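A closer look at the structure
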Amino acid sequence: MTDRRQQLLDYLAGSDGWVSSGQLADRLGVTTRSVRTYVTSAKSAAEPLDIISSSAEGYRLNRTAYAAFVAARAVARGSVSSSENETPKDRLAVIVRRLIDAADGLDVHELADSLFVSESTIEADLRKAKTLFDESALTVARQGSRVTVAGSEQSRRGLISRLFRAESVRGFVEVDSIQTAFDSENLKTFKTDLIALLDGAGYFVNEYGLDSVLLHVAIAVDRISKDRFLESATATGSATAPERGDLAEGILTLVDRHFTLSLPDADLDHLVLLLTTRVITPGHDLPIDAQTDELGLTDDVAFIRQVARQASEQYLIDLDNDEFTVRLALHVRNLVARAKVSSFSRNPMTRSIKSSYPMTYELAVFIASEIARKESITINDDEIAYIALHVGSHLERQARREEMVTCTLVFPNYYDIHLMMLRCLERALGDDVRVDKIITRTDIDRSAISTDLLITTVPTLALGDNAVLVQPFLTDTDIDNVRKAVSRVRRVQRRTQLKDSLLLYFSEELFVRNLEAPDEFAMIQQLGSRLLEQGIVD
């Protein structure tokens with residue numbers, strides 16, 4: 001599918017109801033007539049599945065049918081024979097893949113016959129393929145009708161990976177598609193065991209990066225089975241091979257168990273490098289306050305704190321948090337290692353992060369520019385998007401903490417009933433309510449309770465808007481009543497915040513009624529003099 005048709009489907013997939021052709025036209029930057037053309041084309045490509053419904057209200061995605069269509073397309077991409085002639089783009093990918101695999105090259109006439117196209121079409125495709133090869137540090141040689149490709153094995157694998165990614169839905173690398181494309185049926189179980197290995201070794205695992213590494217594993221297994229090996233450890237782009245440690249032994253065992261294959265040293269070094277710089281960071285089993293010393297992060301954390309302070313001043317947000325600082329410092333250490341060998345980690349969320357969270361991405365750009373300046377490196381959009389994920393998740397946690405309604409529990413003391421009530425509340429409303437205090441007596445001073453909400457089993461205390469009466473053993477009705485009270489408190493808080501925000505920009509002393517002046521300039525002078533007296537303007 002063309003990019004525009006895929007963008008149309010993506011937009012419909014993210015919309016709950018009907019979307020008008022005008023909305024789609026604005027979103028895609030095209031006319032409504034073009035929208036109708038894209039819809040017709042998309043529906044035709046998905047036949048016999050009816051993936052888009054049309055009505056007077058616009059268009060709507062039939063999600064079940066679309067899911068089946070996406071799954072069928074992923075399977076089709078995995079089979080060369082079924083996809084090689086669908087589009088010129090598919091045919092180009094097949095030609096490139098065949099040239100990479102053919103040690104002695106390919107004959108143009110035979111290639112044209114096998115793909116059922118003319119030789120002039122193949123010649124045009126070869127000119128396009130040459131651009132791809134040039135960008136991947138591979139060279140194309142021609143002797144008569146025979147075409148060969150020369151270059152490192154690492155460059156060949158990189159191009160195979162690039163071709164596969166170009167066909168991935170919305171940039172995501174899916175394990176099922178990798179398994180089908182490279183006939184690697186044990187990849188899922190390998191992933192499960194690899195995650196267990198990494199988690200057991202105390203690593204944080206980046207799931208986005210992990211699927212990219214699985215693509216590398218599938219390509220490596222496929223190439224090694226064809227006796228195509230990496231030249232040396234330096235082919236990975238690093239001057240020396242990475243330290244393997246205990247991780248390498250576990251990887252060797254897993255590859256042998258799942259693929260009946262013994263990884264050569266160069267492939268093992270490359271895989272360890274990919275994991276240690278793209279997928280894992282140490283410290284999963286360490287408290288946050290211990291990670292700085294244990295992992296040698298003192299200088300990194302100090303630098304990130306400095307950058308966070310600058311970003312906080314620039315964007316008026318709070319990034320002063322030890323957990324955020326330490327985890328970003330760990331990420332930046334790997335980022336710098338990747339950048340120094342120009343081997344960046346891809347991020348399938350980059351486009352959506354940039355469009356959906358522009359301010360968070362802008363903040364990440366600021367942080368990335370400071371890192372790039374200090375380390376004398378270049379940081380691309382994908383890596384900036386990973387920084388944005390760190391920033392966004394921190395701000396989201398912070399917002400959730402600020403939105404939580406504080407409450408006091410007042411239950412007469414009887415064995416551990418109050419503790420049982422606490423557990424029930426936390427289980428049912430843990431994301432919305434934070435219990436600050438538990439009182440097990442009834443003679444309390446209501447004015448001394450400063451939390452947002454009071455929850456009690458004592459009827460005489462359950463008076464007022466911010467109090468909820470519950471039963472000694474919480475029922476579904478009690479939970480609903482508490483939830484309604486939480487919503488009520490939040491509404492009041494939001495109105496108060498809105499009022500406070502408005503008062504930041506409006507002053508009662510500066511409002512006047514029936515003010516007269518002979519002309520516009522005199523009016524400006526009268527109004528301006530009030531601002532001048534209060535020191536708001538000079």
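Please refer to the structure placed before this passage.
Computed from a predicted structure; not experimentally measured.

Describing unusual backbone geometry
For the bond from Glu47 to Pro48, the omega torsion is 10°, close enough to zero to count as cis. Its location among the elements puts Pro48 in the loop between helix 3 (32-46) and strand 1 (52-55). In this structure, Asn514 takes a positive phi of about 55° despite not being glycine. Summarising the element assignment, Asn514 is placed in the loop between helix 22 (476-505) and helix 23 (520-533). For Asn514, a relative accessible area of 74% puts it in the exposed group.

Looking at the packing of helix 16 (residues 298-315) against helix 17 (residues 322-339)
Where helix 16 contacts helix 17, the two axes come as close as 9 Å, and the packing angle between them is 115°. Our classification of the angle between helix 16 and helix 17 gives roughly perpendicular. Every pair of crossing elements has a handedness; the one defined by helix 16 and helix 17 is right-handed. In this structure, helix 16 contributes Asp300, Val301, Ile304 and Arg305 to the contact, and helix 17 contributes Asp322, Thr325, Val326, Leu328, Ala329, Val332 and Arg333. Class assignment of the residues belonging to the contact of helix 16 with helix 17 gives a composition of 6 nonpolar, 1 polar and 4 charged.

Considering the pairing of strand 8 (residues 405-410)
For a regular strand, side-chain orientation follows a simple rule: the groups alternate between the two sheet faces. For strand 8, a buried count of 6 out of 6 residues is recorded, marking the element as mostly surrounded by other parts of the structure. Across the two faces of strand 8 the burial is the same, with Val405, Cys407 and Leu409 and Thr406, Thr408 and Val410 all buried. Where strand 8 and strand 9 (residues 433-439) come together, 6 bridges link them in parallel fashion. From the neighbouring strand, Cys407 faces strand 9, where its bridge partner is Val435.

Some details on the nonpolar core
If you look at the biggest cluster of nonpolar residues, it comprises 57 residues, and the most contacted ones within it are Val96, Phe133, Leu187, Phe190, Ile251 and Leu275. Here Phe190 is in contact with Leu214, Val217, Leu254, Val255, His258 and Phe259, once residues within four sequence places are set aside. Of all hydrophobic cores here, the second largest spans 35 residues; its members include Leu328, Leu335, Ala368 and Ile387.

A short note on the sheet that holds strand 11 (residues 467-469)
With parallel pairing, the 4 strands of this open sheet are ordered in space as 9-8-10-11. Lying at the two open borders of the sheet, with one neighbouring strand each, are strand 9 and strand 11. Shown here is a sheet whose adjacent strand axes are inclined to one another by a mean of 25°, direction ignored. In this structure, strand 10 (residues 453-456) lies alongside strand 11, joined through 3 bridges in parallel fashion. The residue bridging Thr456 from the neighbouring strand is Leu469, located in strand 11. Along the sheet, helix 21 (residues 417-429) makes contact with strand 8, strand 9 and strand 10, crossing strand 9 at roughly 170°.

Details of the sheet that holds strand 3 (residues 106-107)
As summarised here, the arrangement of the 3 strands in space is 3-5-4, forming an open sheet in which the pairing is antiparallel. With partners counted over all chains shown, the strands left at the sheet margins are strand 3 and strand 4 (139-143), one partner each.

Comments concerning the packing of aromatic side chains
On inspection of all chains with the given rule, the structure shows 5 aromatic pairs. Consider the rings of Tyr66 and Phe69, whose centres lie 6.2 Å apart with planes at 35°: the pair is tilted. On the criterion of helical spacing, the pair formed by Tyr66 and Phe69 is a turn pair, its members being 3 residues apart in helix 4 (residues 63-78). Relative accessible area serves as the criterion here: at 9%, Tyr66 is assigned to the buried category. Between Phe190 and Phe259, the ring centres sit 5.3 Å apart and the planes meet at 50°, which makes this aromatic pair tilted. Taken together, the positions of Phe190 in helix 11 (residues 187-200) and Phe259 in helix 13 (residues 245-259) put the pair 69 residues apart, joining distant regions of the chain. Positioned above the aromatic ring of Phe303 is the side chain of Lys374, whose terminal nitrogen or guanidinium carbon lies 4.9 Å from the ring centre.

Procedures and definitions
- Residues numbered from 1 in each chain as written.
- Predicted model: local features only at pLDDT ≥ 70, side-chain atom pairs only at ≥ 80, totals over all residues.
- Heavy atoms only, no water.
- Helix = DSSP H or I, 4+ residues; strand = E, 2+ residues; numbered from the N terminus.
- Buried < 20%, exposed > 50% of the residue type's maximum accessible area, 1.4 Å probe, protein only.
- Axes fitted to C-alpha atoms, helices over the stretch in contact; angles between N-to-C directions.
- Parallel < 35°, antiparallel > 145°, perpendicular 65-115°, else oblique.
- Left-handed = near helix turned anticlockwise from the far one by under 90°.
- Contact = heavy atoms within 4.5 Å.
- Nonpolar A, V, L, I, M, F, W, Y, C, P; charged D, E, K, R; others polar.
- Pairing = 2+ DSSP bridges.
- Core = buried A, V, L, I, M, F, W, Y, C linked by side-chain atoms within 4.5 Å.
- Phe/Tyr/Trp six-rings, centres within 6.5 Å; stacked < 30°, edge-to-face > 60°.
- Lys NZ or Arg CZ within 6 Å of the ring centre and 35° of its normal.

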